[in-house]
Amino acid sequence: MRRPFIGGNWKMNTDHASARSLAHAIAEGTGADWAADVVVFPPFPYLLPVAEAIAGSPVALGAQDLSGEVNGARTGEVSAEMLRDVGASWVIVGHSERRHTIGESEALIADKLSMALGSGLRAVLCVGETRAERDAGKAHDIIAAQLRSALAAIDAAAMDDVVIAYEPVWAIGTGITAQPADAGEAHREIRSALAARYDARLASGVRVVYGGSLVPATAKSIFAVDGVDGGLVGGASLKAHDFLALCTAATVGVAAS
Ligand code: 13P
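Attention in this report is confined to the structure presented alongside it. These figures come from a predicted structure and were not determined experimentally.

Analysis parameters
- Residues numbered from 1 in each chain as written.
- Predicted model: local features only at pLDDT ≥ 70, side-chain atom pairs only at ≥ 80, totals over all residues.
- Heavy atoms only, no water.
- Buried < 20%, exposed > 50% of the residue type's maximum accessible area, 1.4 Å probe, protein only.
- Helix = DSSP H or I, 4+ residues; strand = E, 2+ residues; numbered from the N terminus.
- Pairing = 2+ DSSP bridges.
- Near = heavy atom within 4 Å.
- Areas by Shrake-Rupley, 256 points an atom, 1.4 Å probe, with all protein chains shown as cover.
- Nonpolar A, V, L, I, M, F, W, Y, C, P; charged D, E, K, R; others polar.
- Disulfide = S-S within 2.5 Å.
- Axes fitted to C-alpha atoms, helices over the stretch in contact; angles between N-to-C directions.
- Parallel < 35°, antiparallel > 145°, perpendicular 65-115°, else oblique.
- Left-handed = near helix turned anticlockwise from the far one by under 90°.
- Contact = heavy atoms within 4.5 Å.

### Thoughts on the pairing of strand 5 (residues 122–127)
And step 1. When you tally the buried positions in strand 5, you get five out of six residues, the bulk of the element.
And step 2. By the bridge criterion, four bridges tie strand 4 (residues 90–93) to strand 5 in an arrangement that is parallel. Residue Val 93 lies in a different strand from strand 5, and its bridge partner there is Leu 125.

As structure tokens, then:
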């Protein structure tokens, strides 16, 4: 049985004080026997204070990005070792804002994923199509191509440490959540791409989560879809009450599916 996963991607939001208090509130709201992986992804400067705030709780710490290089002359970059050094155990790779707004290439995303896994971090690999790609009927081809490229150098054993996030670009920050049927179809497509790259057994063991305008009101129907193992949350993860409601929905909804 796949353990539900729920991540809060804070993006470029919060400040020192609000990051700490948000992390405290989330840590306080999750009990010791929490039946899902709950991970918060604050901005780099707040990794350490958030690590302190969640210490002793079931909440894990993740970073939103990492360098594809080990160390050295890379001004502004943050290495996998640095992330581990401040207590991060997860990292997001291939988020659509980095693919489309910042311009990361498929090759760079593949390097970052290899670096993360090779350094002992667990990774959330994001894939998803734009509105134009969906309208052109290319959504599944795009997702499959993103997976093929990112996973080309990742062996089966390392996939234990990978969560795939299906984040349709048109659903991110727009208030438009994907229809449960569309999310279900995309998740099936992701598993069949994983089966083609590895095998059916591995594909059925990898967690695949949904991201894009998830709020408590829409989460229940998404988490009830067969094959959806939780979510990666942006805006709603900045409000402790909403994020905790989503954590509960993931635990209950995914476990029941
Ligand atoms: P929103 O929940 O704000 O749409 O963001 C989703 C996302 O990009 C999570 O990584």
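### A short note on the site of the ligand
And step 1. Near the ligand lie 13 residues; those nearest to it are Lys 11, His 95, Gly 173, Ser 213 and Gly 235.
And step 2. Contact with the protein chains hides 95% of the accessible area of the ligand, taken as 310 Å² for the molecule alone.
And step 3. When grouped by side-chain class, the residues that make up the shell around the ligand number four nonpolar, seven polar and two charged.

### A few points about the state of the cysteines
And step 1. Under the defined criterion, the tally for this structure stands at zero disulfides.
And step 2. No disulfide involves Cys 126; its sulfur sits 17 Å from the nearest other cysteine sulfur, which is in Cys 247.
And step 3. Using a relative accessible area of 2% as the deciding quantity, one classes Cys 126 as buried.

### Some points on the packing of helix 1 (residues 16–29) against helix 2 (residues 47–54)
When two helices pack together, their arrangement is given by the angle between their axes and by how far apart the axes lie.
And step 1. Between helix 1 and helix 2, the least distance of the axes is 8 Å, while the angle of their chain directions is 30°. When the axis of helix 1 is compared with that of helix 2, the two are roughly parallel. By crossing handedness, the relation of helix 1 to helix 2 is classed as right-handed. Listed contacts from helix 2 to His 16, Ala 19, Arg 20, Ala 23, His 24 and Ala 27 of helix 1 are Pro 49, Val 50, Glu 52, Ala 53 and Ile 54.
And step 2. Among the residues forming the contact of helix 1 with helix 2, the class breakdown is seven nonpolar, two polar and two charged.

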